[in-house]
Amino acid sequence: MARRTGSADLPLHNGRVPAWLASRMATLGAIVTQAIVHHYGREEFLRRLAHPFWFQSFGAVMGMDWHSSGVTTSVIGALKRGLAPLSGELGIHVCGGRGKHSRKTPDELTALGERVGFNAPSLTRASRLVAKVDSAAVQDGFDLYLHGFFVTDDGQWTVVQQGMNGESRYARRYHWHSGEVRDFVDAPHSAIDGPSQGNIVNLTDKRAAPSRSAQLELLSDLGPDRIVGEYAALVHEPSAQPTLPHLVMPAHHDVRASDVFTRRLHGTLAAAADRGPVDFPELLLTPGVGARTVQSLAMVAEVVHGAPYRFEDPARFSLAHGGKDRHPYPVPIKVYDETIRVLKSAVENAKLGRDEQIETLKRLDAQARKLERTAGGPSLDAFIAGERQRSPDLDGRSVFGWERDLAPGGKARSG
């Protein structure tokens, strides 16, 4: 049975991902995907995508604005580009996207079905159905404009789609997953929990069964898509409906202490200092960059290995590679590229049966969790201030330009 697995409310942001970041996001996204598939299998990767907190943390660690609606578009786009050359190896495919790209999902699934042999008509029906449910069966004030369909060679899938509410200036993201979810998310479908948008028509609620029955008769006579009837065949309706994971991102753009579990940050910093000299000696020969890269590697390792509860503060993962709008600080290009280099080397060696490097990253994550119980460290404000101060030396870059070319405050220098 398919089911919705969670949702997220995100402030709407305009703007595009600059090319220098988009290419790096595609590369890092593909490498993280390979690491997850290596350790846990491709179905587990679909489960991660179906968890709203993990998805947001994944986007934040890639340098996107940690809280904005743009995370959804950029992550789906990055994975579509980054995983395309690896689809034969991993057996994972990304269809759809934003606007006109979402409407191409059926054609993309049909082409994939002919190539890899899965049941394309059934998957196309699922794609259309979950879009209909979140746009018609649940009328919560958000108009769908993005639909990403992730599917494996054996027909397992996850859908991530998003709608916007122009009046509230918020977007709402919906996550769906095929099959029973056993270990990462194990919750049946339930009503969406989020900020009040006025009266919500939720035909997926168990109490709406009489309404669904009446509409089924009407839809049968008129002969359209039979939204509610198809939905009743797709979704298992339990007797009780516990609340699904629902992420609510604040409107403020800066990263504040209230957005981050500081003890987890301290554990990451302590693990980087503790394991770095032992496991990454050659990396630390790079003055100023190597030690900083180990911190980022620890956060990326957590995205690969962390349990669901670890992603309740997505803002913390923006501390790995900053953000394109200078929040919490400009993207440190030297660190980002070195992180990619180390991860890529680890994954490539793992493919050849040499797991030493990729297991090192797993140990780094385990050490962070162990040390966070006792580790101390700087306040969040002090940490961010330090990153901003050394940003020019780390090739800090944002949509405003290179940090070394900007005056204090992030504005272009005059003259």
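Residues numbered from 1 in each chain as written. Predicted model: local features only at pLDDT ≥ 70, side-chain atom pairs only at ≥ 80, totals over all residues. Heavy atoms only, no water.

In the nomenclature of an unreviewed UniProt entry, the protein corresponds to DUF763 domain-containing protein from the organism Hyphomicrobium album.

Caption draft 1: View of the pattern of salt bridges. For the coordinates displayed, the defined rule picks out 27 salt bridges. K351 is the salt-bridge partner of E89, the closest N and O atoms lying 3.2 Å from each other. Of this pair, E89 sits in helix α5 (residues 87-90) while K351 sits in helix α13 (residues 333-351), placing them 262 residues apart in sequence. Accessibility expressed as a relative area gives 39% for K351, which makes it partly exposed. Residues R275 and D279 are paired through a salt bridge, measuring 3.0 Å at the closest nitrogen-oxygen approach. Linking R275 with D279, this pair stays in helix α10 (residues 262-279), spanning 4 residues, or about one helical turn. The class for R275 is partly exposed, based on a relative accessible area of 21%. Residue D279 is classed as buried on the basis of its relative accessible area, which comes to 16%. (Salt bridge = Lys/Arg side-chain N within 4 Å of Asp/Glu carboxyl O. Helix = DSSP H or I, 4+ residues; strand = E, 2+ residues; numbered from the N terminus. Buried < 20%, exposed > 50% of the residue type's maximum accessible area, 1.4 Å probe, protein only.)

Caption draft 2: Examining the pairing of strand β6 (residues 170-177) more closely. Within β6, 8 of the 8 residues are buried, leaving the element largely enclosed by the surrounding structure. Burial along β6 is two-sided: Y170, R172, Y174 and W176 facing one way and A171, R173, H175 and H177 facing the other are all buried. Alignment of strand β1 (residues 3-11) against β6, held across 8 bridges, turns out to be antiparallel. In the sheet register, L10 faces β6, and the bridge partner there is A171. In terms of strand pairing, strand β5 (residues 157-165) meets β6 through 8 bridges, oriented antiparallel. Counted as the bridge partner of Q161 is Y174 from β6. With antiparallel pairing between neighbouring strands as the criterion, β5 and β6 make up a hairpin whose turn holds 4 residues, including R169 at a positive phi of roughly 60°. (Pairing = 2+ DSSP bridges.)

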